[in-house]
Structure formats: C-alpha cells, structure tokens
Amino acid sequence: MIGRLNHVAIAVPDLASATDTYRTMLGAEVSESQALPEHGVTVVFITLPNTKIELLEPLGEGSPIAAFLERNGAGGMHHICYEVDDILAARDHLASSGARVLGDGEPKIGAHGKPVLFLHPKDFNGTLVELEQV
Ligand SMILES: CC[C@@H](C(=O)O)C(=O)SCCNC(=O)CCNC(=O)[C@H](O)C(C)(C)COP(=O)(O)OP(=O)(O)OC[C@H]1O[C@@H](n2cnc3c(N)ncnc32)[C@H](O)[C@@H]1OP(=O)(O)O
Ligand SMILES: [Co+2]
C-alpha cells in the first residue's frame, strides 16, 4: 500500500532561522514559506535528489505541533510522509486494522495540494505517519 517516501518533517521553533541553517550551512535549496492556517503550521520544503525535507513551525492558536515543541525546545523529527495511490482505501484498510486515523478521518488538502491524513504515532512505533495521495 505505501509507496515512495514523500517527505520527512522537522518541527522547528523558528522557521527563518532553520531555513538559514539549511541554506548557509548545508547548501540546501529551500522553497519560499507557505502559511497553512488550516493545518496550524507554516512550512518550507527542501528538495533533495531522492525526497524532500519539510521544516514546519506553529501558526496561530492551537497548532497541532505546539505541544511537541514544548517537549522538544530545539525542535525535532516530527513526522514521515508516505505516498499512497488511494488515500480513502488506505484509510479504510488502516481503520479496519485498528489504526487510529487522526482528526475527523476525512483527508485535508496538504502543502502539495494533495489529500493527506495522519495516523497516531502510538500505532506506528512512536512515529507520526502522514499519508499523501499522489
Ligand atoms: C503542511 C501540511 C501537511 C503536509 O502537507 O505535509 C503537514 O505535514 S501538517 C503537520 C502538522 N499537523 C499534524 O501534525 C496533524 C497530526 N498531528 C496531531 O494531530 C498531533 O500532533 C498529535 C499526533 C495528536 C499529537 O498531539 P499532541 O498535542 O502532542 O498530543 P499528546 O501530547 O496527547 O501526544 C500523544 C502522545 O503522542 C506523542 N507524540 C506527539 N506528537 C508526536 C510525534 N510527532 N512523534 C511521535 N510521538 C508524538 C506524545 O509524546 C504523547 O506520547 P506519551 O506522552 O507517551 O503519551
Ligand atoms: Co507533512
């Protein structure tokens, strides 16, 4: 069911500073930032030859990553995103297998304009999993 690795996400307390670190210290190509209020984050993407890195900081009240950053003051690996062909079929299979699909279970449109869903980290070895339909 899961396909390519779409991105690995790192939550950061200061997106501008993290962007500068990647650009100047790691020579990375970093996109312009995208504010995504429906997701409660602002993100940039770093394009690598074989995948992407998503840097994200909280946006607005009630950001889903606020508590994570309280626990991890310098930031940290936040989630991993796998690609799927059919996100509703994947959701239904996972839910029937006992996995917790986060939110109301309906896909939202993510940063790439594609439907995304999240699976509870406790069901996947302590790792927050995002699925993106491509
Ligand atoms: C940019 C758009 C999109 C894209 O297109 O790529 C995105 O990536 S949006 C990214 C931001 N949105 C989300 O992360 C949505 C899904 N996340 C959530 O709903 C919440 O973050 C969460 C997973 C429910 C956790 O929220 P939190 O407030 O931290 O809840 P708890 O404190 O109750 O945590 C429960 C439990 O899980 C552990 N935890 C939390 N976050 C993570 C994580 N990222 N990785 C691993 N483990 C995590 C937390 O430590 C708690 O564990 P225990 O203390 O042992 O119970
Ligand atoms: Co993501």
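Relevant structure appears above.
Residues numbered from 1 in each chain as written. Chains lettered and ligands numbered in written order. Predicted model: local features only at pLDDT ≥ 70, side-chain atom pairs only at ≥ 80, totals over all residues. Heavy atoms only, no water.

**Student:** If you had to explain the site of ligand 1 to someone new, which residues and values would you point to?
**Tutor:** Close to ligand 1 lie 23 residues; Glu54, Arg71, His78, Ala111 and Lys122 are nearest. Proline 64 is positioned with one of its backbone polar atoms (N or O) 3.0 Å from an oxygen atom of ligand 1. Compared with its free state, where it exposes 1100 Å², ligand 1 has 70% of that area covered by protein. Those elements that provide at least two residues to the shell around ligand 1 are β3 (41-47), β4 (52-58), α2 (66-71), β5 (76-84) and β8 (128-133). Here the element with the most residues in the shell around ligand 1 is α2; it accounts for three residues. Broken down by class, the residue content of the shell around ligand 1 amounts to 13 nonpolar, six polar and four charged. (Near = heavy atom within 4 Å. Polar contact = N/O pair within 3.5 Å; in protein donor to acceptor, adjacent residues only side chain to side chain. Areas by Shrake-Rupley, 256 points an atom, 1.4 Å probe, with all protein chains shown as cover. Helix = DSSP H or I, 4+ residues; strand = E, 2+ residues; numbered from the N terminus. Nonpolar A, V, L, I, M, F, W, Y, C, P; charged D, E, K, R; others polar.)

**Student:** Describe the coordination of the cobalt ion (ligand 2), naming the residues involved and giving the relevant values.
**Tutor:** For the cobalt ion (ligand 2), the full set of protein donor atoms is His7 (NE2), Glu54 (OE), His79 (NE2) and Glu130 (OE), at a range of 2.1 to 2.7 Å. The site at the cobalt ion (ligand 2) holds six donor atoms, and with the angles between them running 75 to 167°, its shape is octahedral. Written as a sequence motif, the donor arrangement for the cobalt ion (ligand 2) is H-x46-E-x24-H-x50-E. Taken together, the positions of histidine 7 in strand β1 (residues 5-11) and histidine 79 in strand β5 put the pair 72 residues apart, joining distant regions of the chain. Histidine 79 shares its class with histidine 7; the two are buried. (Donors = N, O, S within 2.8 Å, 3.2 Å for Na, K, Ca; no water. Tetrahedral: all angles 85-135°; square planar, octahedral: opposite > 155°, others 65-115°. Buried < 20%, exposed > 50% of the residue type's maximum accessible area, 1.4 Å probe, protein only.)

**Student:** Summarise the pairing of β8; cite the residues concerned and give the values.
**Tutor:** Of all six residues in β8, five are buried; the element is thus mostly enclosed. Where β5 and β8 come together, six bridges link them in parallel fashion. Residue pairing in the sheet places histidine 79 in a bridge with leucine 128 of β8. Where strand β7 (residues 115-119) lies against β8, four bridges are found, and the strand directions are antiparallel. Residue pairing across strands places leucine 119 opposite valine 129, the latter belonging to β8. (Pairing = 2+ DSSP bridges.)

**Student:** Describe in detail the pattern of salt bridges, supporting the description with residues and values.
**Tutor:** If you walk through the whole model with that rule in mind, you get four salt bridges. With a shortest N-O distance of 3.1 Å, glutamate 83 and arginine 4 are connected by a salt bridge. Separated by 79 residues along the polypeptide, glutamate 83 in strand β5 and arginine 4 in the segment before β1 bring together distant segments of the chain. Judged by its relative accessible area of 59%, arginine 4 falls in the exposed class. Salt-bridge contacts for aspartate 92 lead to arginine 91; the nearest nitrogen and oxygen are separated by 2.9 Å. (Salt bridge = Lys/Arg side-chain N within 4 Å of Asp/Glu carboxyl O.)

**Student:** Mind laying out the nonpolar core, listing which residues take part and the relevant values?
**Tutor:** Formed by Val8, Ile10, Val12, Leu15, Ala18, Ala28, Val30, Val44, Ile46, Ile53 and Leu55, the largest nonpolar core amounts to 11 residues. Of all elements in the fold, only β1, α1 (15-25), β3 and β4 reach the threshold of two or more residues within this core. (Core = buried A, V, L, I, M, F, W, Y, C linked by side-chain atoms within 4.5 Å.)

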